[in-house]
Amino acid sequence: MAGERKILHIDMDAYFAALEVQACPQLAGKPVIVGALPGNRGAVASASYEARQYGIRAGMPITLAKRICPQAEFVPCHPGLYIHTSRKILEHLLTYTSNVEMFSIDEAFLDVTDLAKNGGNGNDAWNRVDGIARDVAGSIDARLNLSCSVGAGPNKLIAKMASDVNKPAGITLLSKEAFRSRFWHRPVDELYGVGEKTATSLMIFGIERIDELAHTQPEFLRGRFGIFGEALHAMA
């Protein structure tokens, strides 16, 4: 992978729920659901990992979450707290490199290509990336008492998908070859950016796995999906 970019994706673990536990330590170790309160219309914004063990997920209707996990602690959102802490995270990440892109309130990309050059080329450089990823995650934990999962790869797509492999508090590095080994046999809707409707449309043409999408002619995909078809092929 010599000569390739080295991109980190920092994904904070159960960010809203983790901050609510910080603000109210009595919630520690309990299933915590952040979002609308029971009895109101709305959805789950975030859930602690204790709550996720019951199948609670962001976007789930709060009435369903209450039915699945009635013993959970339901907490309203506090956007000001989340934004304030997100700014702190950004400020901290900027101490590593100016090449930081906040992807959402609890996600960021770091281009650490130049930092990794200190480790040499090839495997040495990626060993350096692994060290940087662990240092970033450890320093966020030490400074803000928050855990994050980190993915690393030669581009943002692979880095983002890598960060989801070993959550929470995982570090995952994927080369293009490792990406193919891990994801090509997976259903096409596991490719970041492919939603349910797109996956259904692809399946109509017999494209069910990511490797099948990768091996489909870009011209065919462009004819069916326009310019997004070419993007789908490149992503796969």
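Computed from a predicted model, the values in this text were never measured in an experiment. Note on numbering: residues in each chain are counted from 1, in written sequence order. Per-residue local features are limited, in this predicted model, to residues with pLDDT of at least 70; the limit for side-chain atom pairs, both in listing and counting, is 80 or more; totals at the level of whole chains, interfaces and linings are taken over all residues. Note: side-chain values were computed over all heavy atoms of the structure, leaving out hydrogens and water.

Draft legend 1. Focus on the nonpolar core. One finds L8, I10, L93 and L110 to be the most contacted residues of the largest nonpolar core, which totals 34 residues. In DSSP terms, a helix is any run of H or I states spanning at least four residues, a strand is any run of E spanning at least two, and both are numbered starting from the N terminus. At the level of elements, β1 (7-12), α1 (15-23), β2 (32-35), α4 (79-93), β6 (107-111), α6 (122-144) and β7 (148-153) are the ones that each hand at least two residues to this core. Any pair of residues with heavy atoms lying within 4.5 Å of one another is described as a contacting pair. Excluding residues within four positions of it along the chain, L110 makes contact with K6, I7, L8, I10, L93, Y96, T97, N99 and V100. Grouped together as the second largest cluster of nonpolar side chains are 20 residues, I158, L174, F179 and F225 included. Grouping buried Ala, Val, Leu, Ile, Met, Phe, Trp, Tyr and Cys residues that are joined through side-chain atoms within 4.5 Å yields what is termed a nonpolar core. Each residue's exposure class comes from its accessible area (1.4 Å probe, protein chains only) as a fraction of the maximum for that residue type: buried when under 20%, exposed when over 50%, partly exposed otherwise.

Draft legend 2. Looking closely at the packing of helix α11 (residues 218-225) against helix α12 (residues 227-235). Note on geometry: axes are lines fitted to C-alpha atoms, helical ones only across the stretch in contact, with angles between N-to-C directions running from 0 to 180 degrees. Contact pair α11 / α12: the axes reach a minimum separation of 6 Å and the direction vectors enclose 140 degrees. By the angle between their axes, α11 is oblique relative to α12. Classified by chirality, the crossing of α12 by α11 is right-handed. Along the contact surface, α11 presents P218, L221, R222 and F225, while α12 presents I227, F228, G229, E230, L232 and H233. Each residue receives one of three labels: charged for Asp, Glu, Lys and Arg, nonpolar for Ala, Val, Leu, Ile, Met, Phe, Trp, Tyr, Cys and Pro, and polar for the others, Gly being one of them. Tallied by class, residues from the contact of α11 with α12 come to six nonpolar, two polar and two charged. Here is the rule for angles: anything less than 35 degrees is roughly parallel, anything more than 145 is roughly antiparallel, 65 through 115 is roughly perpendicular, and the remaining ranges are oblique. Crossings are assigned a handedness: left-handed for a near helix turned anticlockwise from the far helix by less than a right angle, right-handed for a clockwise turn.

Draft legend 3. Just the sheet that holds strand β5 (residues 100-104), in detail. In this analysis, strands are considered paired if DSSP registers two or more bridges between them. Reading across the sheet, the five strands line up as β5-β6-β1-β7-β8 and stay open at both edges, with mixed pairing between neighbours. Of all the strands in the sheet, the pair left with one neighbour each is β5 and β8 (171-173). Across the sheet, the mean angle from the axis of one strand to that of its neighbour is 20 degrees, orientation sign disregarded. Those strands touched by helix α7 (residues 156-163) are β1, β5, β6, β7 and β8, and its axis lies near 145 degrees from that of β7.

Draft legend 4. How the structure looks around a nonpolar patch on the surface. For patches, a residue must show more than 30% relative accessible area and have no salt bridge; joins then use 9 Å for like charges and 5 Å for nonpolar side chains, namely Val, Leu, Ile, Met, Phe, Trp and Tyr. For the accessible areas, the method is Shrake-Rupley and the probe is 1.4 Å, while residue cover comes only from the protein chains on display. Throughout this description, the term salt bridge denotes a Lys or Arg side-chain nitrogen within 4 Å of a carboxyl oxygen of Asp or Glu. There is a patch of nonpolar side chains on the surface, built from Y54, L64 and I68 and spanning about 240 Å² of accessible area. Here L64 lies in helix α3 (residues 62-68).

Draft legend 5. Structural context of the packing of aromatic side chains. To pair, rings of Phe, Tyr and Trp, with the six-membered ring standing in for Trp, must have centres within 6.5 Å; the planes then decide the type, stacked if under 30 degrees apart, edge-to-face if over 60, and tilted in the middle. Within this structure, the stated rule accounts for eight aromatic pairs. For the ring pair F103 and F109, a centre distance of 5.2 Å and an interplane angle of 70 degrees mean the geometry is edge-to-face. Overall, the relative accessible area of 5% leaves F109 in the buried class. Three or more aromatic residues link up through ring pairs in this structure, and these residues are Y15, F16 and Y82. Remark: a charge is flagged as sitting over a ring if the NZ atom of Lys or the CZ atom of Arg is within 6 Å of the ring centre and within 35 degrees of the ring normal. Here the basic side chain of R52 rests over the ring of Y49, its NZ or CZ set 4.5 Å away from the ring centre.

Draft legend 6. Structural detail: the sheet that holds β2. Strand order in the open sheet formed by three strands is β3-β2-β4, with mixed pairing between adjacent strands. The open sheet is flanked by β3 (44-47) and β4 (73-75), the only strands paired with a single partner. Averaged over all pairs of adjacent strands, the angle between strand axes in this sheet comes to 25 degrees, irrespective of strand direction. The sheet contact formed by β2 and β3 spans three bridges and is antiparallel. Within β3, the position partnered with I33 by the bridge is A47. The strands touched by α1 are β2, β3 and β4; relative to β3, the strand with the most contacts, the crossing angle is about 70 degrees.

Draft legend 7. Region of interest: the pattern of salt bridges. This model, assessed by the stated rule, comprises 13 salt bridges. Note that E190 is salt-bridged to R186, the shortest N-O span being 2.8 Å. You can call E190 partly exposed: its relative accessible area is 33%. R186 sits in the partly exposed class, given a relative accessible area of 32%. Across the salt bridge formed by R209 and D211, the nearest N and O atoms sit 3.1 Å from each other. Under the relative-accessibility criterion, D211 is labelled buried at 15%.

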